[in-house]
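Structural overview
Residue-level listing of the chains:
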Amino acid sequence: MHEGDDLLLTYLELSRAARLRNRPWDRDKLLLLAGAAAAERGRHTIASLCKREILSHNAGHLVAQYAKLAEALADERFSRYLNQLRRKYTAERCEHMLASLGIDPDERRAKFVDLDEYAAATIGEQPDA
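Note that the structure is a prediction, hence the values are computed from the model and not measured.

As for the overall build of the chain
Helix and strand content of the chain: eight helices and zero strands. Along the chain, helices (α) and strands (β) appear in the sequence α-α-α-α-α-α-α-α when read from the amino end. A globule of 129 residues ought to have a C-alpha radius of gyration of about 14 Å, and the chain, at 13 Å, matches this closely. Projected onto its principal axes, the C-alpha coordinates of the chain cover approximately 35 × 30 × 30 Å. A buried classification covers 43% of the 129 residues belonging to the chain. Long-range contacts, defined as pairs at least 24 residues apart, comprise 62% of the intrachain contacts of the chain with a sequence gap of at least 6. For the chain, the exposed surface amounts to about 6,900 Å²; the carbon and sulfur share of it is 47%. Taking the 20 positively charged and 21 negatively charged side chains of the chain as two groups, their mean positions are separated by 6 Å.

Here you go:
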């Protein structure tokens, strides 16, 4: 796993927790953060899974305007929204949220062959979707 993937794992786990708690709007925000982090790291399969899951719940979401999340990163309007989310969900806050929920992303991650399979399972999709 790449060093920068820790925050990606954190966002994915928090999105899973939000889904399990039936908090779809929080889940979508966290999936957007995970998808953007994935796109920034060249993990386009994970970014695509995140985008597809967001749109399955909210077809009118801002990300629907872009073919790929990587394209959205270059758009000023999207970047402003993403920066707002990043200020709200700082790495420190997300780590605290995980700890308070008793979630260890590394423990779950170790059960999967690769990060794509882990992300798909965490998001709730099939790895080959």
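Overview of the pattern of salt bridges
On inspection of all chains with the given rule, the structure shows nine salt bridges. Of the charged contacts in the structure, one is a salt bridge between Glu13 and Arg16, with a shortest N-O distance of 3.7 Å. Note that Glu13 and Arg16 are positioned in helix α1 (residues 5-20) at a spacing of three residues, about one turn of the helix. Between Arg86 and Glu40 there is a salt bridge whose closest N-O contact spans 2.8 Å. Residue Arg86 is located in helix α5 (residues 76-88), and its partner Glu40 is located in helix α2 (residues 24-40); the two are separated by 46 residues in the primary sequence. With a relative accessible area of 44%, Glu40 lands in the partly exposed category. A cluster of three or more residues bridged by salt bridges with shared partners is formed by Asp5, Arg41 and Arg43.

About the thresholds
- Residues numbered from 1 in each chain as written.
- Predicted model: local features only at pLDDT ≥ 70, side-chain atom pairs only at ≥ 80, totals over all residues.
- Heavy atoms only, no water.
- Helix = DSSP H or I, 4+ residues; strand = E, 2+ residues; numbered from the N terminus.
- Rg over C-alpha atoms; globule rule 2.2 N^0.38 Å.
- Buried < 20%, exposed > 50% of the residue type's maximum accessible area, 1.4 Å probe, protein only.
- Contact = heavy atoms within 4.5 Å.
- Areas by Shrake-Rupley, 256 points an atom, 1.4 Å probe, with all protein chains shown as cover.
- Lys, Arg positive; Asp, Glu negative; His and termini not counted.
- Charge placed at Lys NZ, Arg CZ, Asp CG, Glu CD.
- Salt bridge = Lys/Arg side-chain N within 4 Å of Asp/Glu carboxyl O.

Everything listed here is a matter of coordinates, which is why it stays silent on function.
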